[in-house]
Amino acid sequence: MNRRALVTGGAGFIGSHLATALSDEGWQTRVLDDLSVGRREKVDPRAELTIGDIRNSDACRRACEAVDTVFHLAARVSIRHSVATFVDDAEVNLLGTLRLLAAAGAAGVRRFVFTSSMAVYADGLPEVLVDEGHKLAPLSPYGVGKMAAEEYVRMMAPRLGLEPVVLRLFNTYGAGQGYTPYVGVATIFITRILQGESCVIFGDGQQRRDFTHVTDVTQALLLAADARHAAGATMNIGTGIGTSVSELAELIRTRLGRGRFDHAERDVTELRYSVADIARAKKLLGYAPRYRLEDRLDEVIDSIRAQPIS
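Residues numbered from 1 in each chain as written. Predicted model: local features only at pLDDT ≥ 70, side-chain atom pairs only at ≥ 80, totals over all residues. Heavy atoms only, no water.

Draft legend 1. Summary view of the overall build of the protein chain. Of the regular secondary structure elements, the protein chain holds nine helices and 14 strands. For 310 residues, the compact-globule estimate of 2.2 N^0.38 gives 19 Å, and the C-alpha radius of gyration of the protein chain, at 18 Å, lies within 12% of that figure. A principal-axis box enclosing the C-alpha atoms of the protein chain has dimensions of 55 × 40 × 35 Å. With 310 residues in all, the protein chain has 50% of them scored as buried. In the protein chain, of all internal contacts separated by at least 6 residues, the share reaching a separation of at least 24 is 80%. Of the roughly 13400 Å² of accessible surface on the protein chain, 52% is carried by carbon and sulfur atoms. Positive and negative side-chain charges of the protein chain, numbering 37 and 38 respectively, have mean locations separated by a distance of 2 Å. (Helix = DSSP H or I, 4+ residues; strand = E, 2+ residues; numbered from the N terminus. Rg over C-alpha atoms; globule rule 2.2 N^0.38 Å. Buried < 20%, exposed > 50% of the residue type's maximum accessible area, 1.4 Å probe, protein only. Contact = heavy atoms within 4.5 Å. Areas by Shrake-Rupley, 256 points an atom, 1.4 Å probe, with all protein chains shown as cover. Lys, Arg positive; Asp, Glu negative; His and termini not counted. Charge placed at Lys NZ, Arg CZ, Asp CG, Glu CD.)

Draft legend 2. Spatial organisation of the packing of helix α2 (residues 57-64) against helix α3 (residues 86-107). Between α2 and α3, the shortest axis-to-axis distance is 8 Å and the interhelical angle comes to 40°. Considering their axes alone, α2 and α3 lie oblique with respect to each other. For α2 against α3, the interelement crossing comes out right-handed. Contacts between α2 and α3 involve Ser57, Cys60, Arg61 and Cys64 from the former and Arg99, Leu100, Ala103, Ala104 and Ala107 from the latter. Residues of the contact of α2 with α3, tallied by class, amount to six nonpolar, one polar and two charged. (Axes fitted to C-alpha atoms, helices over the stretch in contact; angles between N-to-C directions. Parallel < 35°, antiparallel > 145°, perpendicular 65-115°, else oblique. Left-handed = near helix turned anticlockwise from the far one by under 90°. Nonpolar A, V, L, I, M, F, W, Y, C, P; charged D, E, K, R; others polar.)

Draft legend 3. Up close: unusual backbone geometry. A positive phi angle, near 60°, is found at Ala66, a position not held by glycine. Inspection of the secondary structure puts Ala66 in the loop between α2 and β4 (69-72). The backbone phi angle of Glu127 is positive, close to 65°, even though this residue is not glycine. Checked against the element boundaries, Glu127 lands in the loop between β5 (111-117) and α4 (141-159).

Draft legend 4. Summary view of the sheet that holds β5. In spatial order, the strands read β3-β2-β1-β4-β5-β6-β11; together these seven strands make up an open sheet with parallel pairing. Two strands lie at the open edges of the sheet, namely β3 (48-51) and β11 (234-237), each paired on one side alone. Strand-to-strand twist of the sheet, defined as the mean angle between neighbouring strand axes without regard to direction, takes the value 20°. As paired elements, β5 and strand β6 (residues 163-169) share seven bridges and run parallel to each other. For Val113, the partnering residue across the bridge sits in β6 and is Val165. (Pairing = 2+ DSSP bridges.)

Draft legend 5. Quick look at the sheet that holds strand β9 (residues 208-209). If you trace the three strands from one edge of the open sheet to the other, you get β12-β9-β14, paired in mixed fashion. Strands with a single pairing partner mark the edges of an open sheet, and in this sheet they are β12 (243-244) and β14 (273-274). One ladder, built from two bridges, connects β9 with β14; its direction is parallel. Each residue of the ladder has a partner; that of Arg208, found in β14, is Tyr273.

Draft legend 6. Fine view of the nonpolar core. Of all hydrophobic cores here, the largest spans 34 residues; its most connected members are Ile14, Phe71, Leu167, Leu221, Met235, Ile237 and Leu285. Listing elements by their share of this core, those giving two or more residues are β1 (4-8), α1 (13-24), β6, α6 (214-224), β11 and α8 (279-285). Here this core takes five residues from α6, the largest share from any one element. In contact with Met235, other than residues within four places in its own chain, are Glu132, Val165, Val166, Leu167, Arg168, Ala230, Arg280, Ala281, Leu284 and Leu285. (Core = buried A, V, L, I, M, F, W, Y, C linked by side-chain atoms within 4.5 Å.)

Shown next as structure tokens:
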């Protein structure tokens, strides 16, 4: 039986990887993207590209037609920038999610996989993994919007006949991540060094992150489509391995043979300790991350060298 998936944000970094993986698995895949950040050329040619905005109910309705599973990745993803753009952030990340949720319910979609973020959590403690029961206290408008969207998905999806699955993604990296000043610290550092520019570390650099390869994130999303016990669950997607920003900077400097790093005042929207406890995803999804940061960093460097940012 042919299965049909909708990937919102499927012309972006994670979404384009997911759309390709779905096509590889034999799914008929539709992508909904407004191309404000995503790029048409990143969409797998086997996928159907629908250009539209999740804030538009008609676009959501058309995109959900004859779809079995919705993977909702479309979002404004900048934590720091969300302070200045908090209204737009909420319109896309919260209201856009609600319009898509309603459209999916009306279309008879079976499962609704929502990508949330570690940004919903309060700060963690050194050497302590953050599990799904950790206090929710976002430090940014982005985190507030994701937290509110999670609650709506959990409350409304069953009433609309949908099986909700919420995945809280930690720091995703990999080849093909676009450069912006706000998202993807590894991509930012590598791009700036290759362009001969200095890099900025906010605070002392000892903040710890869980860097998760996009292939592992894609694996989790695929598993979330069918895992029987995942319906209604919220799960962290990471590696359980922490790396400080200073350690990342030194790793990149060693690989490139150069790099200048300056320090700036700590960003108050930034969590200091955020490393995932992934026991629940292992149990409910069979999720098993395969890649370590140091083993996949060269591919990121090579991809940025091959496609320099203008």
